[in-house]
Amino acid sequence: AELYGTWAAPPLGLRAGVMPIFALSYFLANRKNIALYTEQVFNPDLTDANIDEWLQDPRRISFRFVHIDEKRHKLLSALSSAMSAIVGREVAADPLDSARALVSFVFALPTWTKRTETISKKAKAVRNLLLKANDPHKVLFDDLPRIMSCPIDETLILEVGEVVEELAAAYAGMLKRVENSLFQALDHRGGFIKLRER
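An account of the accompanying structure is given in this report. (Residues numbered from 1 in each chain as written. Predicted model: local features only at pLDDT ≥ 70, side-chain atom pairs only at ≥ 80, totals over all residues. Heavy atoms only, no water.)

Attention shifts here to the overall build of the protein. Check the secondary structure of the protein and you find 10 helices and 3 strands. Secondary structure elements of the protein occur, N-terminal to C-terminal, as α-α-β-β-α-β-α-α-α-α-α-α-α. Compactness check: the protein gives a C-alpha radius of gyration of 24 Å against a globular reference of 16 Å for 198 residues, more than 25% above the reference. Considering only residue pairs separated by 6 or more positions, the protein has 50% of its internal contacts joining residues 24 or more positions apart. When the accessible surface of the protein is split by element, carbon and sulfur atoms take 56% of a total near 12,200 Å². Counting 26 positive and 25 negative side-chain charges, the protein places the averaged centre of each group 6 Å from the other. (Helix = DSSP H or I, 4+ residues; strand = E, 2+ residues; numbered from the N terminus. Rg over C-alpha atoms; globule rule 2.2 N^0.38 Å. Contact = heavy atoms within 4.5 Å. Areas by Shrake-Rupley, 256 points an atom, 1.4 Å probe, with all protein chains shown as cover. Lys, Arg positive; Asp, Glu negative; His and termini not counted. Charge placed at Lys NZ, Arg CZ, Asp CG, Glu CD.)

So, on to the pairing of strand β1 (residues 34–38). Regular strands show a simple pattern: their side chains alternate between the two faces of the sheet. Burial runs high along β1: 5 of the 5 residues are buried. A two-sided burial pattern is seen for β1, the buried positions comprising Ile34, Leu36 and Thr38 on one face and Ala35 and Tyr37 on the other. Here β1 pairs with strand β3 (residues 61–65) via 5 bridges, running antiparallel. Its bridge partner being in β3, alanine 35 is matched across the sheet by arginine 64. Direction of pairing for β1 relative to strand β2 (residues 41–43): antiparallel, over a ladder of 3 bridges. Of the residues in β2, the one forming a bridge with tyrosine 37 is phenylalanine 42. Where β1 folds back on β2, the antiparallel hairpin that results is connected by 2 residues, among which glutamate 39 adopts a positive phi of roughly 50°. (Buried < 20%, exposed > 50% of the residue type's maximum accessible area, 1.4 Å probe, protein only. Pairing = 2+ DSSP bridges.)

Attention shifts here to helix α8 (residues 136–148). Each α-helix turn comprises 3.6 residues. Residues three or four places apart therefore point the same way. Of all bends in α8, the biggest is about 30°, found at aspartate 142, and the proline proline 145 comes one to four residues later. Among the 13 residues that make up α8, 10 are buried, leaving the element largely enclosed by the rest of the structure. Those residues of α8 not exposed but buried are Pro136, His137, Val139, Leu140, Phe141, Asp143, Leu144, Pro145, Ile147 and Met148. Once α8 finishes, serine 149 follows within two positions and takes phi at roughly 55°, a positive value. (Bend = angle between axes of the 7 residues up to and from the residue.)

Here is the structure:
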């Protein structure tokens, strides 16, 4: 809407009918550096529904300029390599695919891991962030560095890797602790097979 206001004012004085065409052209020409949002929710793909909303009420549509500099590109490359190993598929070195891989990983965790308070503070913060994520650029370049309290560099990748490993191992670790507590309460050594025989 602000863009339309600028175009409508002198010296351009564009008519309202052509503004959506110019705005769409601008977006398509610069989509490597522009993220599209509908009512503050990130849209990974441009659809007919997005364009229809665009035509109905331009105030619901917003752009965000995203500059992928050398430092951020290195971060994405390192993160895509790490996530490829974790999720077992190729993860592209772009914000959308990297964030999608992280979110998919968290959503695939056991329900207990998604709710427990017994993991580290950082792991809880990252888990909760990813469970509610709707903006890959904000997650990768704003939220994760803030939660981890580290700059956008190799340190962030190491921190994220440690959190991912902790989340992946949390459920199995809890089951092992329950097993150990059970054996201790029964004064038993030797595993479940021996326990059945007993």
